[in-house]
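# Coordinate inspection notes
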Amino acid sequence: GYVRRIRPRIGYIDGERLTACFEETMKRIVLVVLMIGLSSAFYVSRPINAVSAAPPQSATLLGPVSPGFGDYWFQGKAELTSYNLEQGRYGEMHNGHAVLIFVTEDFSKSKHVKLDRPQMAGADKVNVLKLNSTRKFNTGIYPYSMMSSVFTPIQRHIEPRTLKVTTSSQEWCGHTFTQMDLGTDSYDVRLHSYFENEGEQALSLDVALLEDEIWNTIRLNPTDLPTGNIKVIPGTLFQRFRHISWTVQEAVAELKPVAASDDMMSYSLHYPSYDRDFSIQFKKDFPHEIQSWEDTYSAGRRGQATTKATIRKRIMLDYWSKNKA
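Note that the structure is a prediction, hence the values are computed from the model and not measured.

### Here's the deal with the environment of Gly-183
Relative to the elements of secondary structure, Gly-183 occurs in the loop between β6 (174-182) and β7 (186-192). In this structure Gly-183 comes out as partly exposed when scored by relative accessible area, which is 27%. Between the alpha carbons of Gly-183 and Leu-205 there is a distance of 9.8 Å; along the sequence they are 22 residues apart.

### Focus on the pattern of salt bridges
A side chain of one charge can pair with a side chain of the opposite charge if their charged atoms are brought near each other. In this structure the tally under the stated criterion is eleven salt bridges. Measuring nitrogen to oxygen at the nearest pair gives 3.1 Å for the salt bridge that ties Arg-190 to Asp-181. Here Arg-276 ties to Asp-295 by a salt bridge, and the two come within 2.9 Å at their closest N and O atoms. In this pair, Arg-276 is assigned in strand β13 (residues 276-283) and Asp-295 in strand β14 (residues 290-298), connecting sequence segments 19 residues apart. Summarising the burial analysis for this pair, Arg-276 and Asp-295 share the class buried. Salt bridges sharing partners connect three or more residues here, namely Glu-79, Arg-219 and Arg-314.

### Concerning the pairing of strand β2 (residues 92-108)
Burial runs high along β2: twelve of the 17 residues are buried. As paired strands, strand β1 (residues 78-89) and β2 are joined by eleven bridges and run antiparallel to one another. Within the sheet, the bridge partner assigned to Glu-86 lies in β2 and is Asn-95. Two successive antiparallel strands, β1 and β2, enclose a turn made up of two residues, where Tyr-90 displays a positive phi of approximately 60°. By the bridge criterion, 13 bridges tie β2 to strand β3 (residues 125-139) in an arrangement that is antiparallel.

### Things to note about the side chain of Ser-193
With respect to the element layout, Ser-193 can be found in the loop between β7 and β8 (200-206). Taking relative accessible area as the criterion, Ser-193 reaches 11% and is therefore assigned buried. A polar contact of 2.6 Å, which involves the side chain of Ser-193, links it to the side chain of Glu-198. Once residues lying within four places of it in the same chain are set aside, the contact partners of Ser-193 are His-175, Thr-176, Glu-198, Gly-199, Glu-200 and Arg-240.

### Brief notes about the pairing of strand β5 (residues 164-171)
Summarising burial for β5: seven of the eight residues are buried, a large majority. Relative to β5, strand β4 (residues 142-153) is paired through eight bridges, and the arrangement is antiparallel. Note on β5: the bridge partner recorded for Phe-151 is Lys-164. Bridge count between β5 and β6: eight bridges; the pairing is antiparallel.

### A word on the nonpolar core
The tendency in soluble globular proteins is for nonpolar side chains to be buried as a group. Core analysis: the largest hydrophobic core is formed by 55 residues, its most contacted members being Trp-215, Tyr-267, Leu-269, Ile-290 and Trp-293. Beyond its immediate stretch of four places on either side in the chain, Ile-290 contacts Tyr-83, Leu-100, Phe-102, Trp-215, Ile-218, Arg-219, Ile-280, Gln-281, Phe-282 and Arg-314.

### Regarding the packing of aromatic side chains
Under the counting rule described, the total for this entry stands at 20 aromatic pairs. Plain terms: the ring middles of Phe-107 and Phe-151 are 4.7 Å apart, the flat faces sit at 15° to each other, and that makes the pair stacked. Of this pair, Phe-107 sits in strand β2 while Phe-151 is found in strand β4, placing the two residues 44 residues apart along the sequence. Per residue, the accessibility class of Phe-107 equals that of Phe-151, and both read buried. A connected cluster of aromatic rings, assembled from ring pairs, spans Phe-69, Tyr-72, Trp-73, Phe-74, Phe-102 and Phe-286. Over the aromatic face of Tyr-90 sits the side chain of Arg-89, whose NZ or CZ is 4.8 Å from the ring centroid. The ring of Phe-238 has Arg-276 sitting right over it, with the charged end atom 3.9 Å from the ring centre.

Cut-offs and rules
- Residues numbered from 1 in each chain as written.
- Predicted model: local features only at pLDDT ≥ 70, side-chain atom pairs only at ≥ 80, totals over all residues.
- Heavy atoms only, no water.
- Helix = DSSP H or I, 4+ residues; strand = E, 2+ residues; numbered from the N terminus.
- Buried < 20%, exposed > 50% of the residue type's maximum accessible area, 1.4 Å probe, protein only.
- Salt bridge = Lys/Arg side-chain N within 4 Å of Asp/Glu carboxyl O.
- Pairing = 2+ DSSP bridges.
- Polar contact = N/O pair within 3.5 Å; in protein donor to acceptor, adjacent residues only side chain to side chain.
- Contact = heavy atoms within 4.5 Å.
- Core = buried A, V, L, I, M, F, W, Y, C linked by side-chain atoms within 4.5 Å.
- Phe/Tyr/Trp six-rings, centres within 6.5 Å; stacked < 30°, edge-to-face > 60°.
- Lys NZ or Arg CZ within 6 Å of the ring centre and 35° of its normal.

Take a look at the structure:
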């Protein structure tokens, strides 16, 4: 029957040829399996919502950052530090709390957003140190909630400028949102505000030191901080408190040891036009943890306004995985 009809056809195939065909087929199957395995490993080794795994510790990759940078910042965790906050507002001091969250992540140079699939981004990928800075305090019966995000490339010898800053402020009167993006030779600023005299704004500022990027520069390499007479774009939170126009300002910058502590440094800015003094105190040795900061400026008819923040607690944590009760 059926078997007898098939066997004669097999008889026409040369034995050596059959063996060669079989071996070639097996080689192709093994090659396909290997390709699938490699492809799977490539995509699952970098979860979309995870911090970048530790890259090789080479000068070519990290550039002129503090020694030990990779061991600390590429361990798959973020640094979270809480601070006791004394916030000057409306002529009074208000108690609150602040948090600084530093973490590295892969960023798009063209879109200025976090990359979902950095392994496919090619030359568009840049590794950044991100700072999320929050402040919460009450004025009378209503609360303030403020947050800034700063994205600064780690390889500063290749990408020397911070790529993006965003700041939002929410309180019972309303909210505002500011975004600054690095363009070809300027920072493009957009402001959305509920205040009539601010409304919707779009403008460009000459490239200068961003006050908001000082925090990241301290953590990357404080010796990169400029000193002397410099040009600065004031901080976005300060701009919110004072409701000032966006301009590049003259400031005097100083980096020096803290007299009362051998292991501490201070970086300060004096803005003559605002009668303002701003300073950050941090550890001299890597990883240059920020311990406190202070900001004092003229608040017009309400006199001087002062902000003080002192460290409360610091931890390393993969907070993005702690989203379950």
